[in-house]
Every structure is written in C-alpha cells, then in structure tokens.
Amino acid sequence: MKITLSDKFLRPFVAEHEEEYMQPFASVAYDLLKSGKGQGNDFHGWVNLPVDYDRDEFKRIKAASEKIKKNSDILVVIGIGGSYLGARAAIEFVKSPLYNNLKKDTPDIYFAGNNISTTALTELLSICEGKDISINVISKSGTTTEPAIAFRVFKSLLVEKYGLEGAKDRIFVTTDKARGTLKKFSDEAGYETFVVPDDVGGRYSVLTVVGLLPIACAGIDIDELMAGAADAREALSTPSIKENPALRYAVIRNVLKRKGKTTEILVGYEPYMLMLSEWWKQLYGESSGKDTKGLFPASVIFSTDLHSLGQYIQEGQRTMFETVISVKDSGAKFVIPNDPENVDGLNFISGKELDYVNKTAMTATLLAHNDGGVPNIVIELADRSARSLGELVYFFEFACAMSGYLLGVNPFDQPGVEAYKKNMFALLGKPGYEDRKIELEARIDK
C-alpha cells in the first residue's frame, strides 16, 4: 500500500507513548473485526470484499456499463446516502468535479433521489430533454422516500420516451437479493437487477455494485479500484499500531478525543476532494455518532476555505483537529506565466508549477495551524488513480470500524436515522402513523 500517515504536525499534541498505551485496546478492536465477534458482525462483508466478490456479477457490471456508454447520453443514478456518495466521490476524484462538462466518450452522470427539492428535480428533467437516458436506481427496499419519488418520475419519463419494452433496456436496478418492494417490482417488469450484499451496509458499499456500476460508466477502471482496495486489505492485516496506519489513525483520533478534541476536519487542497469529503462525513458520522459519543466530522477545501473558515480554525475554540489528504501527483501541470509589468507583484513565483504553490500553501497552513494549537494528521497518497482511491476507501473504512469499537459503539448501525422518517411519514399521513400525527400536530400548534 502506498498510503502513508505522517505525524510531523501531530507530535506537539500527541506523544508517542500515548499511542503505545492504546495498543492493547487497538488489538482488541482489531480482533473484534477480524474474528467477526464485534457488534454489527452481520455487516462485516466489506472486510474481505476486495478479494471475495462475485466475479460473475462483476462481469455483468462491466457489460451493463458498456451498454449504457453506447446507448446513453446521460445516466441518472438514483439513491441517497451510501447509495450515491461513494460513486460520485470516485468520479470526481479520479476524473473531475467538472466531469459532465469534459469532452469524453462516456455519458454525463447526474445524481437524483438524494433530496426532496422541486428545483433540483425539475432542472435535471430539463437537462434530460432531447437526450438518450438510462437510469440506475439503488435501494434495498425501494420504499425510501427520496429515491422512490425520483424513480417514479424517471421511470415514467423512460416509458413515455421509449415505451415499456424500450425502457427495460435502460433501467438498471441495484437492490436486495430476494426481498423488498423494488426487487419484486423489478423482476415482474423485467429490469436487469444487481445485488446489494446483505452483509455490507450502505456507507461501506462503494466497492460493491452500488458504486461500481456508475463508476464503470464514467470510464474508470474498476479492476484497478478493487486491486487498490486489495492492496490495502493486505497491508492492514496486522494489529500493530506501528505497522497498520489505519489502526494508528483510529487510535490517534481516540487519543485526541480524550484530550477534548470533539471535531475532526477533513482537509483537501483540491476541488476534486469535495465529494470524497462528503462520503467520509457520512461514513464517520453514521458509524460513530451514537450513544452521545463520536467526533463531529467536518470538512474544508483549502486554500478556498482559508478565506472563510481559516480565521476560526486558526484562533477559534481549541476543540478541533485536522486530517489532511495530500496527493503527491495530481496529474496536471501548469506553469505560472511571467507578467512584464508585474501588476500583481507575483513575479517572484513566475515559472513555478501551480501545484508547487498549492503544496507550499499546505505546508504554510500546517505550520500556522500548529502554532494556533490545532493538531494535524497528514495522509499522503501517491496520485489520484483508481488504484490509489481503492486504497484510500479501504483505509478509511477499516479505520472507521476500528474507531467505533475503540469508542464502544456499533459502527455498523444507524438507529437515529429513523427518527425524522417516522415524523415525516406521520405528518404526510402515511397509514399506520395516525396517533403519531396527532401528537406531532399538537406539538406544532403549541
């Protein structure tokens, strides 16, 4: 594995012996995951997924992606949470946040069903006018409100545009193996279906068909993505903090929390890391935010956010630390031109690579934030290739599981997510929620 963890900007805040004291607890957390005895063990399938996945379905994913690439201008991916964040993060990280605007031989990819916005839906429908469209709906049950509404709309659009038979070739369903409304309906309608593994939770599902089909449609090599994850799985197969950087990352997070650091800020220095940060926030927020425990996961993109949140990070409450993702080779080159008149006074950087300036800004910020009392962990990647991303995905998933067990929570459930759904169903008049509706309306009217 090429990922490295640097403690150069951490040492003033966490001593080496503090990490060493955590080794016995780290070993227990590691054993809980590897032995399958930890809480949430029904959802440990992601652990061996990089080497133990369905090869036949993998071939079908590739075949479906080639079909979509040939007959579609647009692929609409319908899903919420882990059903879309991983795929979107991968496409923007490996390709570009401007992927849909680039010249390419792959379809534009838009994401729907992750909100209940009238504006977002109608704008996407407008974009789809006059274009050939395919959809990939991702839902275990098929009854989650946000994606279910979007699927209704886009299914009707495809049937109207291509007819019932024509729509069948353009609707791809990722759902439960045998149960659920969506599975039953898809089988009856004759749609091609793919399986969300029973033992992989949504936020850990990017390396399943949930993420792989949209990622493949963007022209990203999913073999390389899985190979990177397999590299990480092998490299992280040790309970030693000194030899396992993901386990060490989990330990450092735990130590910093004990020192009163309640917020972790994931820092990227490239716009293509924005959606990766969103995926990371769901992974860590849902996994650890329970039983009144867990760090609050936040994110920034520097240097942009240095001009908005920089002041607070530098001199605000000392309750935070930063985890910085540094990519050694971003894959692009640009030399800053010389201005004979030197109007902006920047000729001292003329002829320098723009990436060099960006990395210098990162070093300067690390030093400044350290001086301001903010610990920094630096995670270094070789490049933004599919293989490197596969490593990073597995690294964060593994560290997230370890962090949960070190906290004493189940990192694979999300009981709190259901609270708003029950209230929404009641207020919208869903059958079976009558008593709750009366109670909520009484509270609203007070």
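Up top is the structure.
In this text the structure is predicted, and so the values were computed from the model without any measurement.

(A) How the structure looks around the environment of Q414. The residue Q414 is located in the loop between α14 (386–407) and α15 (418–428) in this model. On the basis of relative accessibility, which here comes to 32%, the residue Q414 falls in the partly exposed class. As for Q414 and S287, which are separated by 127 residues in sequence, their C-alpha atoms are 7.0 Å apart. If near-sequence neighbours (up to four positions away) are discounted, Q414 is found in contact with R203, E286 and K290.

(B) Representation of the nonpolar core within the structure. Among the nonpolar cores identified, the biggest contains 94 residues, and W46, W279, F396 and M402 are the most heavily contacted of them. What F396 contacts, discounting residues up to four positions off in sequence, is Y249, L266, W279, W280, L283, Y284, I325 and I379. Core analysis: the second largest hydrophobic core is formed by 19 residues, I78, I171, V173 and A189 among them.

(C) Expanded view of the pattern of salt bridges. Under the criterion given, the structure shown has 26 salt bridges. One salt bridge connects K140 with D176, and the closest N-O pair in it is separated by 3.0 Å. Of the two residues, K140 is situated in the loop between β4 (133–138) and α6 (145–168) and D176 in the loop between β5 (171–175) and α7 (181–189); the sequence distance between them amounts to 36 residues. The exposure class of K140 is partly exposed, given its relative accessible area of 34%. You can call D176 buried: its relative accessible area is 6%. One salt bridge in this structure joins K359 and D355, with 2.7 Å as the shortest N-O distance. Residue K359 and its partner D355 are both found in helix α13 (residues 354–371); the two are separated by 4 residues, about one turn of the helix. When its relative accessible area of 25% is taken as the criterion, K359 is described as partly exposed. Sharing partners across several salt bridges, the network here consists of D7, R11, E19 and R248.

(D) Structural detail: the environment of K69. Following the sequence through the fold, K69 ends up in helix α3 (residues 55–71). With 54 residues separating them in the primary sequence, K69 and E123 have C-alpha atoms 23 Å apart. With sequence-adjacent residues up to four places away left out, K69 is seen in contact with T106, P107, A216, C217 and G219. A distance of 2.9 Å separates polar atoms of two side chains, one belonging to K69 and the other to E66.

(E) Structural context of the sheet that holds β5. Taken together, 5 strands build an open sheet; the order of strands is β3-β2-β4-β5-β6 and the sheet is parallel. The open sheet has two edge strands with one neighbour each: β3 (108–112) and β6 (192–195). Strand after strand, the sheet turns through a mean of 20° between neighbouring axes, direction not considered. Here strand β2 (residues 74–78) pairs with β4 via 5 bridges, running parallel. Considered in β4, the bridge of V76 is made with I135. The strands touched by α3 are β2, β4, β5 and β6; relative to β6, the strand with the most contacts, the crossing angle is about 135°.

(F) View of helix α11 (residues 274–288). Compared with the 21 Å implied by 1.5 Å per residue over 15 residues, the 21 Å span of α11 between its first and last C-alpha is a close match. Listed as buried for α11 are M275, L276, S277, W279, W280, Q282, L283, Y284, S287 and S288. Contacts from the buried residues of α11 go to α4 (85–95), α10 (245–258), β7 (263–268), β8 (296–301), β9 (320–329) and α14.

(G) Representation of a positive patch on the surface in the model. On the surface, a cluster of positive charge is made up of K422, R436, R443 and K446. For R436, a relative accessible area of 32% puts it in the partly exposed group.

(H) Main features of unusual backbone geometry. Along the chain, F302 connects to S303 via a cis peptide bond; the corresponding omega equals 5°. Turning to its location among the elements, S303 is positioned in the loop between β8 and α12 (310–315). In this model, D291 sits at a positive phi of 55°, which is unusual for a non-glycine residue. In this structure, D291 sits in the loop between α11 and β8. One non-glycine residue with positive phi stands out, namely T292, at about 55°.

Reading the values: rules and limits
Residues numbered from 1 in each chain as written. Predicted model: local features only at pLDDT ≥ 70, side-chain atom pairs only at ≥ 80, totals over all residues. Heavy atoms only, no water. Helix = DSSP H or I, 4+ residues; strand = E, 2+ residues; numbered from the N terminus. Buried < 20%, exposed > 50% of the residue type's maximum accessible area, 1.4 Å probe, protein only. Contact = heavy atoms within 4.5 Å. Core = buried A, V, L, I, M, F, W, Y, C linked by side-chain atoms within 4.5 Å. Salt bridge = Lys/Arg side-chain N within 4 Å of Asp/Glu carboxyl O. Polar contact = N/O pair within 3.5 Å; in protein donor to acceptor, adjacent residues only side chain to side chain. Pairing = 2+ DSSP bridges. Axes fitted to C-alpha atoms, helices over the stretch in contact; angles between N-to-C directions. Expected span 1.5 Å × (residues − 1). Patch = residues over 30% accessible without salt bridge, like charges linked within 9 Å, V, L, I, M, F, W, Y side chains within 5 Å. Areas by Shrake-Rupley, 256 points an atom, 1.4 Å probe, with all protein chains shown as cover. Lys, Arg positive; Asp, Glu negative; His and termini not counted. Charge placed at Lys NZ, Arg CZ, Asp CG, Glu CD.

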